[in-house]
Amino acid sequence: MAMELKKVVPFGRSLDEYVKMFNLTQEDLQKSILSVGDGPASFNAEGTKLGYKIKSVDPLYELTSEQIRSRFDEVVDNIIEQVKNSPNDWIWTYHGSPDGLRKNRERVIDIFCEDYERGKGENRYELGALPKLKYGDSAYNIGLCSHFLFLYSEQFDANFHFDSICEILRVCQEVRIFPLLTLSLMPSPHLQPVLAKLEAKGYSCEIHKVSYQLQRGGNEMIKIIKTES
Ligand SMILES: C[S@@+](CC[C@H](N)C(=O)[O-])C[C@H]1O[C@@H](n2cnc3c(N)ncnc32)[C@H](O)[C@@H]1O
């Protein structure tokens, strides 16, 4: 197993990582974006500064920034140690090394924490958890889900994945999910059954290669679009 995690960890990624993981174009970034399970990513903080319209949703947002930071501090040593102990599992073209990864994750959580209280006041960070969202039908153009669905396939079953993706597609015109591997670096066992059910419901599902890769083999993103009228 590449990595063992007792629970979903508060590790966040940057705007640049989101752009690469989701093949986001300048045109995409002008649209309204709902980032589900956004956790302590700096995507919202950095994107808002550039004028993008991003809403982040996560159950973690019941906590204060100090509590989120201390949960990060509790797990970071152990995770970087696990990464160092499994050198064949990782591709270092983006972060350079395990210490580079740590530095980037610390930079991201610093930016997140600095923005968090202001962002909560502006309703940019809202408490919420799949498989239900409180937003109206087609309220957002693009839904994103980074490092939650499919990654945690051992913790969340296929029905949870199907219901969650349908719910994001109720609220957003399309959803993009990355990565498609589990924490064990295996293709998610839920992917094909969930895709078959989505296609039967009239959704179009496309797997795209992306330029971002940290988990070895984890360089694919799925884009699911409503095709029914
Ligand atoms: C590994 S973090 C990824 C954070 C961010 N998306 C990123 O890639 O930087 C996974 C996130 O999923 C969130 N999460 C856990 N259960 C969830 C649920 N039922 N619905 C939405 N998000 C959930 C966690 O709180 C955590 O912030």
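No experiment lies behind these values; they were computed from the predicted model shown. (Residues numbered from 1 in each chain as written. Predicted model: local features only at pLDDT ≥ 70, side-chain atom pairs only at ≥ 80, totals over all residues. Heavy atoms only, no water.)

Along any regular strand, the residues point their side chains to alternate faces of the sheet. Within strand 5 (residues 172-178), 6 of the 7 residues are buried, leaving the element largely enclosed by the surrounding structure. Where strand 4 (residues 140-146) meets strand 5, 6 bridges bridge the pair, whose relative direction is parallel. In the strand pairing of strand 5, Leu144 is matched with Arg176. Note that the unit made of strand 4, helix 6 (residues 158-171) and strand 5 has a crossover that is right-handed. (Buried < 20%, exposed > 50% of the residue type's maximum accessible area, 1.4 Å probe, protein only. Helix = DSSP H or I, 4+ residues; strand = E, 2+ residues; numbered from the N terminus. Pairing = 2+ DSSP bridges. Right-handed = clockwise from strand over helix to strand, strands pointing away.)

Moving on, we get to the pattern of salt bridges. Summed over all chains, the structure comprises 18 salt bridges. Note that Arg105 and Glu17 form a salt bridge whose closest N and O atoms lie 3.0 Å from each other. With a gap of 88 residues between them, Arg105 in helix 5 (residues 98-121) and Glu17 in helix 1 (residues 15-21) connect regions that are remote in the sequence. The exposure class assigned to Arg105 is buried, which follows from its relative accessible area of 1%. Exposure remark for Glu17: the relative accessible area of 1% places this residue in the buried category. In this structure, a network of salt bridges that share partners links the residues Asp115, Arg118, Glu122 and Arg124. (Salt bridge = Lys/Arg side-chain N within 4 Å of Asp/Glu carboxyl O.)

Attention now goes to the side chain of His95. Mapping His95 onto the fold places it in the loop between helix 4 (65-84) and helix 5. For His95, a relative accessible area of 6% translates into the label buried. Within polar-contact distance, the side chain of His95 engages the side chain of Glu17 at 3.2 Å. Sequence-distant contacts of His95, that is, excluding residues within four places in its chain, are made with Glu17, Gly100, Leu101, Asn104, Arg105, Tyr212 and Leu214. (Polar contact = N/O pair within 3.5 Å; in protein donor to acceptor, adjacent residues only side chain to side chain. Contact = heavy atoms within 4.5 Å.)

Its 14 residues place the ends of helix 6 20 Å apart at the C-alpha level, agreeing with the 20 Å of an ideal helix rising 1.5 Å per residue. Burial within helix 6 is extensive, with 10 of its 14 residues counted as buried. Regarding helix 6, the residues found buried are Phe160, His161, Phe162, Ser164, Ile165, Cys166, Glu167, Ile168, Leu169 and Val171. Here the buried face of helix 6 lies against strand 1 (32-36), strand 4, strand 5, helix 7 (191-200), strand 6 (203-209) and strand 7 (220-226). (Expected span 1.5 Å × (residues − 1).)

This next bit is on the environment of Glu117. One can find Glu117 in helix 5. By relative accessible area, Glu117 is classed as partly exposed at 45%. Along the backbone, Glu117 and Pro40 are 77 residues apart, and their C-alpha atoms lie at a distance of 12 Å. Setting aside residues no more than four positions away along its own chain, Glu117 makes contact with Thr64 and Ser65.

What follows concerns the packing of helix 6 against helix 7. The contact between helix 6 and helix 7 brings their axes to 9 Å, and the two run at 40 degrees. Taken together, helix 6 and helix 7 sit at an angle that is classed as oblique. Considering only the axes of helix 6 and helix 7, their crossing is right-handed. Every residue of helix 7 that contacts helix 6 at Ala158, Asn159, His161, Phe162, Ile165, Cys166 and Leu169 is listed here: Val194, Lys197 and Leu198. Classifying every residue of the contact of helix 6 with helix 7 gives 7 nonpolar, 2 polar and 1 charged. (Axes fitted to C-alpha atoms, helices over the stretch in contact; angles between N-to-C directions. Parallel < 35°, antiparallel > 145°, perpendicular 65-115°, else oblique. Left-handed = near helix turned anticlockwise from the far one by under 90°. Nonpolar A, V, L, I, M, F, W, Y, C, P; charged D, E, K, R; others polar.)

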